[in-house]
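Structural overview
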Amino acid sequence: MEKLDLLYVGKAKKVFKTEDENLCIFEYKDDATAFNGEKKGSFDGKGIINNQIANIIFKLLEQDGIKTHFIKELSKRETLVKKVDIIPLEVIVRNISAGSFCKRYGIKEGIIFDTPTLEFSYKEDSLGDPLINDYHAVALKIATREQIEEITELAFKINESLIKIFDNIGIRLVDFKIEVGFDKDKNIILSDEISPDTCRLWDKETNKKLDKDQFRLELGEFASVYNEVYGRFLEKYPNI
Ligand code: UDP
């Protein structure tokens, strides 16, 4: 399958059309952004690592019965995926307090929640992806009440699977963001990427941050922790 017209350029990926209108190709870039695009950076090979980590995770989620857009890795940087009509919500699940949750509510990082939490942001760059509640999402016709309930259930199910997947490689899943959309049959499926760019991942033994907080907070080990996570996946799942 070949890349045709460029459909969309995101912060960390390019999306291309293919000859099949129901499929597209993701090409992962080495770029990173944080704080709504205000902070920019990159390291050589980030796109290669994120593409491969995301694909391992999508394969493991599929094995757990979760429908994803993943079809086939085409190269180290490129993946064939189902084209989805993205629902403009960032769905964020948290197990432990961190990031904007701490800032918003004035609490410290690292508090383990009794049950996972979920929130939505309205995916609209010009507004800075504002926090939105379920009633507002329905009022804005972003999704119906039933769809919101389906997305919520899916997100918590993905959380359960991801907690196990990361636990197997010695990592605590603090929080993550997913994006979902409609496939050609109007089913809601998991899309976009799951990688150290979109999750907070702490080493189970040392609590070391193995994710994009290395870049956000200038902790100095941006490239090496992404390599560390990828290496642990390869060691645990060599034949996936
Ligand atoms: N996240 C993301 N993209 C976004 C916003 C958040 O992938 O545009 C991820 C982020 O990496 C973290 C989780 O969602 O794993 C929760 O992020 P938070 O709301 O704390 O925002 P941040 O601190 O990144 O501003």
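Basis of the calculations
Residues numbered from 1 in each chain as written. Predicted model: local features only at pLDDT ≥ 70, side-chain atom pairs only at ≥ 80, totals over all residues. Heavy atoms only, no water. Helix = DSSP H or I, 4+ residues; strand = E, 2+ residues; numbered from the N terminus. Buried < 20%, exposed > 50% of the residue type's maximum accessible area, 1.4 Å probe, protein only. Polar contact = N/O pair within 3.5 Å; in protein donor to acceptor, adjacent residues only side chain to side chain. Contact = heavy atoms within 4.5 Å. Core = buried A, V, L, I, M, F, W, Y, C linked by side-chain atoms within 4.5 Å. Axes fitted to C-alpha atoms, helices over the stretch in contact; angles between N-to-C directions. Parallel < 35°, antiparallel > 145°, perpendicular 65-115°, else oblique. Left-handed = near helix turned anticlockwise from the far one by under 90°. Disulfide = S-S within 2.5 Å. Phe/Tyr/Trp six-rings, centres within 6.5 Å; stacked < 30°, edge-to-face > 60°. Lys NZ or Arg CZ within 6 Å of the ring centre and 35° of its normal. Near = heavy atom within 4 Å. Areas by Shrake-Rupley, 256 points an atom, 1.4 Å probe, with all protein chains shown as cover. Salt bridge = Lys/Arg side-chain N within 4 Å of Asp/Glu carboxyl O.

With respect to the element layout, Lys 209 can be found in the loop between strand S14 (199-203) and helix H5 (213-216). Given the relative accessible area of 13%, Lys 209 is considered buried. In this structure the side chain of Lys 209 is engaged in a polar contact, spanning 2.8 Å, whose partner is the side chain of Glu 109. Leaving out residues up to four positions away in the same chain, Lys 209 has contacts with Glu 109, Leu 201, Trp 202, Gln 214, Leu 217, Leu 219 and Val 225.

All right, on to the nonpolar core then. Counting residues in hydrophobic clusters, the biggest one holds 56 residues, and the most contacted among them are Leu 61, Ile 158, Leu 162, Ile 194 and Phe 233. In this structure Leu 162 touches Ile 57, Leu 61, Leu 173, Phe 176 and Ile 194, once residues within four positions along its chain are discounted.

It is worth spelling out the packing of helix H1 (residues 46-63) against helix H4 (residues 145-167) at this point. Where H1 meets H4, the closest approach of the two axes is 10 Å, and the angle between their N-to-C directions is 120 degrees. Considering the angle they form, H1 stands oblique to H4. Of the two elements, H1 crosses H4, and the hand of that crossing is right-handed. Only Ile 158, Ser 161, Leu 162, Ile 165 and Phe 166 of H4 make contact with H1, whose side of the interface consists of Ile 57, Leu 60 and Leu 61.

The next subject is the state of the cysteines. On inspection of all chains with the given rule, the structure shows zero disulfides. Free cysteine Cys 102: the closest other cysteine sulfur is in Cys 199, separated by 17 Å. For Cys 102, a relative accessible area of 10% gives the class buried.

On to the packing of aromatic side chains. Considering all chains together, one arrives at nine aromatic pairs under this definition. Taken together, a centroid distance of 6.3 Å and an interplanar angle of 65 degrees make the contact between Phe 26 and Tyr 28 edge-to-face. When its relative accessible area of 7% is taken as the criterion, Phe 26 is described as buried. Measuring from ring centre to ring centre gives 5.2 Å for Phe 222 and Tyr 226, while their planes differ by 90 degrees; the resulting arrangement is edge-to-face. Placement of both Phe 222 and Tyr 226 in helix H6 (residues 222-236) is noted, with a separation of four residues, approximately one turn of the helix. Note on accessibility: Phe 222 and Tyr 226 belong to one class, buried. Of the aromatic side chains, those joined through ring pairs into one cluster are Phe 43, Phe 215, Phe 222 and Tyr 226. The aromatic ring of Phe 16 is capped on one face by Lys 3, whose charged end is 4.8 Å from the ring centroid. The ring of Phe 215 carries the charged tip of Lys 39 above its face, separated from the ring centre by 4.8 Å.

All right, on to the site of the ligand then. For the ligand, the set of nearby residues contains 14 residues, the closest of which are Arg 94, Ser 100, Asp 175, Arg 200 and Arg 216. Between the ligand and Glu 90, the relevant distance is 3.1 Å, taken from an oxygen atom to a side-chain nitrogen or oxygen of the residue. Against a free-state accessible area of 500 Å², the protein chains account for coverage of 79% of the ligand. Those elements that place two or more of their residues in the shell around the ligand are strand S9 (89-96), helix H2 (99-105), strand S12 (171-182) and S14.

On to the pattern of salt bridges, then. Evaluated as defined, the whole model comprises 25 salt bridges. The partner of Glu 27 in a salt bridge is Lys 3, with the nearest N and O atoms 2.5 Å apart. Taken together, the residues span a long stretch of sequence, with Glu 27 in strand S3 (residues 23-28) and Lys 3 in the segment before strand S1 (6-9) at a distance of 24 residues. With relative accessibility at 17%, the residue Glu 27 sits in the buried group. In this structure, Glu 179 engages Lys 123 in a salt bridge whose closest nitrogen and oxygen atoms are separated by 3.5 Å. Here Glu 179 is found in strand S12, whereas its partner Lys 123 is found in the loop between strand S10 (112-122) and strand S11 (131-132), with 56 residues between them in sequence. In this structure Lys 123 comes out as partly exposed when scored by relative accessible area, which is 28%.

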